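Coordinate inspection notes
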Amino acid sequence: MKKLFVLTALICSTAMLSACGDKTVNGKNGMQEFAREYYGDDTLILSDTLNNDNQELAWFVSGKAPDELCYATAFSVEGDDSYKFIADQTATQNISDIWTCLWYGTIAFHIENPECTEIKIVSSQGVEMISVDTVPCSKYFSYKDTSELDYYFLDKEGNEIIG
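Residues numbered from 1 in each chain as written. Predicted model: local features only at pLDDT ≥ 70, side-chain atom pairs only at ≥ 80, totals over all residues. Heavy atoms only, no water.

The next thing to look at is the overall build of the protein chain. The number of helices and strands found in the protein chain is two helices and twelve strands. Helices and strands appear in the protein chain in the N-to-C order α-β-α-β-β-β-β-β-β-β-β-β-β-β. Out of the 163 residues in the protein chain, the part that is buried amounts to 40%. Pairs at least 24 apart in sequence give 48% of the contacts found in the protein chain among residues at least 6 apart. Working note: accessible area of the protein chain is about 9400 Å², and carbon and sulfur atoms make up 51% of it. (Helix = DSSP H or I, 4+ residues; strand = E, 2+ residues; numbered from the N terminus. Buried < 20%, exposed > 50% of the residue type's maximum accessible area, 1.4 Å probe, protein only. Contact = heavy atoms within 4.5 Å. Areas by Shrake-Rupley, 256 points an atom, 1.4 Å probe, with all protein chains shown as cover.)

Structural data, given as structure tokens:
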């Protein structure tokens, strides 16, 4: 009985994901409508997007800090302002109003914390500073080896933002 339930759940979830994967949306409004349906949250707002080759990572937020939720959703670019859902990327909240996720050979950052003005990345490739000019802001960093990667969110004085 337990095996039948697990098999049925697996088939249903695969069917749901493949149905979502076939959906093409138009424009940023289409992305937002898709995300509201996909995540079951009609308060989601498209905060920002990142483009990497033929892929778009859309960041959706809902709620107010400190209970704010953030979802990272990957789409393929299908043509002029046309996108197709690829995957839900797991967004992790590192610090209040700052999220990260792994996204096809990069680490993506979404910043809504107005105190953050820079991201310091220390890796086997060296040290890189990424400026955060406006909030909300989304950036990404390509890496070769995640085991050798640390990142820090800095305020305008260069101090690490903690908590």
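Next comes the rest of the write-up.
The step from Val-135 to Pro-136 runs through a cis peptide bond, and the omega angle for that step is 5°. Structurally, Pro-136 is set in the loop between strand S10 (126-131) and strand S11 (137-142). Notably, Asp-53 is not glycine yet its phi reads approximately 60°, a positive angle. Here Asp-53 lies in the loop between strand S2 (45-52) and strand S3 (55-62). The exposure class assigned to Asp-53 is exposed, which follows from its relative accessible area of 68%. With a phi angle near 65°, Asp-97 is a residue other than glycine that sits in the positive phi range. Along the polypeptide, Asp-97 turns up in the loop between strand S6 (92-95) and strand S7 (98-102).

Glancing now at the sheet that holds strand S4 (residues 69-79). Strand order in the open sheet formed by five strands is S1-S5-S4-S3-S2, and the pairing between neighbours is antiparallel. The outermost strands of the open sheet, each flanked by one partner alone, are strand S1 (24-26) and S2. Recorded for the sheet is a direction-independent mean angle of 35° between the axes of neighbouring strands. Bridge count between S3 and S4: eight bridges; the pairing is antiparallel. (Pairing = 2+ DSSP bridges. Axes fitted to C-alpha atoms, helices over the stretch in contact; angles between N-to-C directions.)

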